[in-house]
Amino acid sequence: MPHAPFSIPNTFRRSLALTAFALVFVVAACEDEEARTRKRIVADYVREIDMRPRTQIYVRQVLTLKPDGRWTRTTTMETRGQTEESLPDSGTFRIQGVTLILRSLVEGGQSRRFTIGGDSLFSANAAQVQALTGYDIGEEVFVRSR
Amino acid sequence: MRRSRIFQAGIALALLIFVGAKAFRYVQLRTQSPFVMWEFRAGGRFSVLEKSAFRQTRQRFACNDVVASARLCEMRVTGIGGVVRVLVNDRDRIAAVEFAPDSATPAMREEARRVAAEWGLMRPGASSRPVPSDTSASITRWRSEDGNWTAFMRYDRLGSTPVLVHMGDEATLAAIGASSPLAAYVLALNGVIEASDVPNAGAVSEVLATTMYRRATDPANETPSPRATTALELCTPERSDPILAATDRSLDGLTESVKSLLERAIAAVYPGSRLVTGDGMWVVSPTGVSERVSFSGMAGVDSAGIVTGVDFPARTAVASQRMDDAVPERFCRAPAALLFARPSDDDSLADAHVVDVDAEALASDVLTIDVVEPDAGTPGHIRVRYGAAYATTGWTGSIEWEAVFAEDPPRSTVRVPLLFSQHSQGAEEAVAGHLIVTGRPDGLIELSTIEQKQWGFSTRTVVVPVDSGGVLLGTRILERLAGTQPAR
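Once a new chain begins, its residue numbering starts again from 1 and follows that chain's sequence as written. Chains and ligands are labelled by the order in which they are written, letters from A for the one and numbers from 1 for the other. In keeping with the model being predicted, local features are shown solely for residues with a pLDDT of at least 70 and side-chain atom pairs are shown and tallied solely at 80 or more, while totals for entire chains, interfaces and linings include all residues. Calculated side-chain values reflect all of the structure's heavy atoms, with hydrogen atoms and water omitted.

J.: When you look at the overall build of chain B in this model, what are you seeing that I'm missing?
T.: Looking only at helices and strands, chain B features nine helices and 25 strands. Throughout, the radius of gyration refers to the C-alpha atoms, and the reference size of a globule is 2.2 Å times the residue count to the power 0.38. Taking 2.2 N^0.38 as the reference for a compact globule, 488 residues should give roughly 23 Å; the C-alpha atoms of chain B span a radius of gyration of 31 Å, well beyond that estimate. Here's how the labels work: a residue is buried when its accessible area is under 20% of the maximum for its type, exposed when over 50%, partly exposed in between, all with a 1.4 Å probe on protein chains only. Within chain B, buried positions represent 47% of all 488 residues. The contact criterion used is simple: two residues touch if any of their non-hydrogen atoms lie within 4.5 Å. Sequence separation of 24 or more characterises 51% of the internal contacts of chain B that already satisfy a separation of 6 or more. Calculation of accessible area relied on Shrake-Rupley with a 1.4 Å probe; when residues are assessed, cover is drawn exclusively from the protein chains displayed. Summed over all atoms, the accessible surface of chain B reaches about 24100 Å², with 53% contributed by carbon and sulfur. When charges are tallied, Lys and Arg are placed among the positive residues and Asp and Glu among the negative ones, while His and the ends of the chain are skipped. Taken as the charge centre is NZ of Lys, CZ of Arg, CG of Asp or CD of Glu, depending on the residue. In chain B, 50 side chains carry a positive charge and 58 a negative one; their mean positions are 15 Å apart. The numbering of helices and of strands both runs from the N terminus, where a helix is a DSSP run of H or I of at least 4 residues and a strand a run of E of at least 2.

In structure tokens:
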């Protein structure tokens, strides 16, 4: 059957459909990958700073990653036997490869990045901070607790 | 209808190209390491990496031969500052690539964490300490499922930033390691493989230890010493050395009895000459020409006699000058000698002998003398380390030998080459290194070198014919070495 001069031929339509399907498949695969990683890393992660007995300071931070893509962080500080809870922080997270990106809905500001290395989360913001300030803020490591 | 067919053919062609490209990519990935850091990946083509690096840095890698079949290429990079080293085989394949950052910057720490996390997704890394008792260093290793690809990160005491990131192609590294007798050893010296992966590490280290710690060499590596002296005249100094008056500290450490024994021995072995002491020692010929003499590596005890190296520095200077002039017709000999002297009971001279340490060399000097007392089944002998100089029109060079002196009258019986140095005409620098006997095919000696350069270590292997008496000549060794492409 003759077709209009500038219409897309059927064969080409079919290949376009295939390409579109493939694109959807690739995007879905990426989403699947992120979902799989999310499922894998959902847990409580703990970071402790224990300067006792030299100074009477002990800090415990718990970062909780939830299956719905949300996170919370609590900080407990013990100074000379007194326990103090800081204001909790929370927000949403997303995953890019091995990088976990936390966005705070409480504090706002720039996203915080972590590298997912096995059962640990290594902060990945020091290079950026150093580029701006010239100082190395060091590395925070959160270790999976459950 | 016809247009539809053209479209169909076009789509089929596009599909074919797509599938072909995917297949090509699959095959390419199979031949490259899954452990990638930035653009660094073992198994890839070095020329591709080099082009990319040049595009980004406007610099080229500096490459040096490690063995005949592989070179080590190095480049300093900025950004995350450090040194990239790439071991490339003779087919342009990257056998190993490593990055040593200059310092533990936050950028390097975070990049290393990211890379380690990506590698950890493929295969979990295994952490250990290179030396279990050493808590100041640790290492995390990854290995692909098929074992062909490896990677590791080495950390120092702080442990958060690697001091070295290494990615290797095990099959290619093994092939390079097997390409010559000391290739694996030299790869380990360059830090490209680990010492535990060197099959002959113990044996090679043992040979090197004999050189470094003056242990007796392995009899398996001995060849007969040359007996026939080179038909060249002895070098003659241009002028007499003035005798300098003794000072308070002249001849410190030389006892009167040894001095007396030397005086009598010199008169005996160089008839008509006498030993004169002042601020040094001189041998004065029957015609009154004085020549400074030095005694080196003196060994033995007064009552049993002494053995010492005898060297005439002015003769050596003449020999060296003529070697540098590179006119073989004007070469002359300035051999160092061993002087044996034994006193009798009444303190007179019982006997004295002088023996050239090397009958072949143009010049020589005695470095050390070790008297080995007779032991069960082993007759007493003397082990002498000496340097021997050789030259032709194209090069000058020297070899350090360990020779065994035995028999009565004493003579050099067997020897083992230990070290060499060679300066080829036109070359800016001399090449030098250890010599190790790595094979003894019929009528030949296989020698391998270990040469230390500013950039690292290299090895070459040469096969040197021995003469009809089984003698391995220093000149032949240096000729063969000059004939191989010197590692830059």
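Resuming the write-up.
J.: How do you make sense of the overall build of chain A when you look at a structure like this?
T.: Check the secondary structure of chain A and you find two helices and nine strands. Each helix and strand of chain A, ordered N terminal to C terminal, gives the series α-β-β-β-β-β-β-β-β-α-β. The buried share among the 146 residues of chain A stands at 30%. Relative to all contacts within chain A whose residues are 6 or more apart in sequence, the contacts with residues 24 or more apart total 29%. Surface accessibility of chain A: about 9700 Å² in total, with carbon and sulfur atoms responsible for 57%.

J.: What is the right way to look at the nonpolar core in this model?
T.: Side chains of nonpolar character tend, in soluble globular proteins, to be buried together. All names here are of chain B. What we call a nonpolar core is a set of buried Ala, Val, Leu, Ile, Met, Phe, Trp, Tyr and Cys residues that are connected through their side-chain atoms within 4.5 Å. Counting 32 residues, the largest nonpolar core has Leu-338 and Ile-477 as its most contacted members. For Leu-338, the contacting residues outside a window of four places in its chain are Val-307, Thr-308, Gly-309, His-353, Val-354, Val-355, Val-357, Val-366, Ile-369, Val-384 and Phe-405. One finds Val-77, Ala-112, Met-153 and Val-165 within the second-largest nonpolar core, a separate group that totals 31 residues.

J.: Just checking my understanding: could you explain the sheet that holds strand E8 (residues 138-143) of chain B for this structure?
T.: Strand pairing within a sheet occurs via backbone hydrogen bonds; the two strands may be parallel or antiparallel. Residues and elements named next belong to chain B. Reading across the sheet, the eight strands line up as E3-E4-E5-E6-E10-E9-E8-E7 and stay open at both edges, with antiparallel pairing between neighbours. The sheet terminates laterally at strand E3 (62-67) and strand E7 (126-128), the two strands that pair on one side only. Taken over all neighbouring pairs, the strand axes of this sheet differ in orientation by 15° on average, direction set aside. Relative to the sheet, helix H4 (residues 170-177) contacts E3, strand E4 (70-77), strand E5 (82-89), strand E6 (94-101), E8, strand E9 (149-155) and strand E10 (162-169), its axis offset from that of E10 by approximately 85°. We treat two strands as partners when DSSP finds at least two bridges between them. Fitting a line to C-alpha atoms yields each axis, with helices limited to the stretch in contact; the angle taken between N-to-C directions then spans 0 to 180 degrees.

J.: Which parts of the structure should I look at to understand the packing of helix H2 (residues 126-133) of chain A against helix H3 (residues 106-122) of chain B?
T.: One way to put it is that H2(A) packs onto H3(B) with a least axis distance of 8 Å and a crossing angle of 160°. The angle between H2(A) and H3(B) places the two elements in the roughly antiparallel class. Here H2(A) runs over H3(B); the crossing is left-handed. Facing Ala126(A), Ala127(A) and Gln130(A) of H2(A), the residues of H3(B) in contact are Pro106(B), Ala107(B), Arg109(B) and Glu110(B). When residues are sorted by character, Ala, Val, Leu, Ile, Met, Phe, Trp, Tyr, Cys and Pro go into the nonpolar class, Asp, Glu, Lys and Arg into the charged class, and all the rest, Gly among them, into the polar class. Classifying every residue of the contact of H2(A) with H3(B) gives four nonpolar, one polar and two charged. Here the word oblique covers every angle except those under 35 degrees (roughly parallel), over 145 (roughly antiparallel) and from 65 to 115 (roughly perpendicular). By definition, turning the near helix anticlockwise from the far helix through less than a right angle yields a left-handed crossing, and turning it clockwise yields a right-handed one.

J.: I'm lost on empty space enclosed by the protein in this one. Help?
T.: Over the atoms, a rolling probe the size of a water molecule traces out where space has been left empty. All names here are of chain B. In this analysis the probe radius is 1.4 Å and the grid spacing 1 Å, with only protein atoms considered; a cavity is a set of points the probe fits into but cannot get out of, a pocket is an open set with protein on both sides within 12 Å along at least five of seven lines, and lining residues have an atom within 4 Å of a point. Grid points are joined across faces, edges and corners, and a volume is the space filled by probe spheres set on the points. Per the stated rule, a full pass over the model turns up one cavity of 30 Å³ or more. Reported here for the largest cavity is a volume of approximately 30 Å³. Around the largest cavity sit Leu-234, Asp-311, Phe-312, Arg-315, Thr-316, Ala-334 and Pro-335, which together line it. Here the residues of the lining of the largest cavity are counted per class, giving four nonpolar, one polar and two charged.

J.: Just to check I follow, could you spell out the interface of chain B and chain A for this structure?
T.: Buried accessible area, meaning the area lost when the parts come together, often serves as the stated size of an interface. Between chain B and chain A, the contact holds 15 residues from the first and 22 residues from the second. Both faces considered, chain B and chain A share a buried interface measuring about 1500 Å² in area, 64% of it formed by carbon and sulfur atoms. We count a salt bridge whenever a side-chain nitrogen from Lys or Arg sits within 4 Å of a carboxyl oxygen from Asp or Glu. The interface formed by chain B and chain A holds two salt bridges in total. Salt-bridge contacts for Arg109(B) lead to Asp136(A); the nearest nitrogen and oxygen are separated by 3.0 Å. Each polar contact in these results corresponds to two N or O atoms within 3.5 Å; when the atoms are within protein, one needs to be able to donate a hydrogen and the other to accept it, and residues that are neighboring in sequence are counted only if both atoms are side-chain atoms. Where chain B packs against chain A, one counts six residue pairs in polar contact (both at pLDDT 80 or more). Those elements giving two or more residues to the side of chain B that touches chain A turn out to be helix H1 (2-30) and H3 of chain B. No other element matches the nine residues that H3(B) contributes to the side of chain B that touches chain A. Summed over both partners, the accessible surface that disappears when two parts come together, traced with a 1.4 Å probe, is what is meant by buried area.

J.: It is not clear to me how the confidence of the model for chain B should be interpreted in this structure. Could you clarify?
T.: Residue and element names in this part refer to chain B. A residue's pLDDT is simply how confident the predictor is in it, with values from 0 to 100. Per-residue confidence for chain B gives a mean pLDDT of 88, with 96% of residues at or over 70. The element-level mean pLDDT for chain B is lowest in H1, coming to 76, with E5 highest at 96. Confidence estimates for the predicted assembly give a pTM of 0.80 and an ipTM of 0.76.

J.: Hey, could you run me through the pairing of strand E9 (residues 141-144) of chain A in this one?
T.: Within a regular beta strand, the side chains point alternately toward one face of the sheet and then the other, so they alternate between its two faces. Of the strand pairs in this sheet, strand E1 (residues 43-50) of chain A and E9(A) are connected by two bridges, and their pairing is antiparallel. Bridge pairing in E9(A) links Val46(A) to Val143(A).

J.: I keep staring at the pattern of salt bridges and nothing clicks. Help me out?
T.: Between side chains of opposite charge, a pair can form as their charged atoms come close. Considering all chains together, one arrives at 30 salt bridges over all chains under this definition. Here Glu48(A) and Arg60(A) are joined by a salt bridge, their closest N and O atoms 3.4 Å apart. One end of the pair, Glu48(A), is in strand E1; the other, Arg60(A), is in strand E2 (residues 57-65), and twelve residues separate them in sequence. For Arg60(A), a relative accessible area of 33% gives the class partly exposed. Through salt bridges that share partners, Glu222(B), Arg383(B), Arg385(B) and Glu402(B) make up one connected network.

J.: Explanation requested: helix H7 (residues 256-269) of chain B in the structure shown.
T.: Quick reminder: α-helices carry 3.6 residues per turn. Residues three or four places apart thus point the same way. Residue and element names in this part refer to chain B. Here, expected helix span is obtained from the residue count minus one, scaled by 1.5 Å. Compared with an ideal rise of 1.5 Å per residue, which puts 14 residues at 20 Å, H7 spans 20 Å between its outermost C-alpha atoms and is within 8% of the ideal. Of the residues making up H7, those classed as buried are Val-258, Lys-259, Leu-261, Leu-262, Ala-265, Ile-266 and Val-269. Angular distribution of buried residues about the axis of H7 spans 160°; they occupy a single face of the element. Picture the helix axis, draw a direction to every C-beta atom, and the arc is the one those directions span.

J.: Explain the pairing of strand E7 (residues 112-117) of chain A here, please?
T.: Residue and element names in this part refer to chain A. Taken together, the four bridges between strand E6 (residues 99-104) and E7 define a ladder with antiparallel strand orientation. Along E7, the bridge assignment pairs Thr-99 with Thr-115. Across four bridges, E7 lies against strand E8 (residues 120-123) in antiparallel orientation. Directly across from Gly-117, in E8, lies its bridge partner Ser-120. The turn joining E7 and E8, which pair antiparallel and follow one another in sequence, is formed by two residues; a positive phi near 60° is taken by Gly-118.

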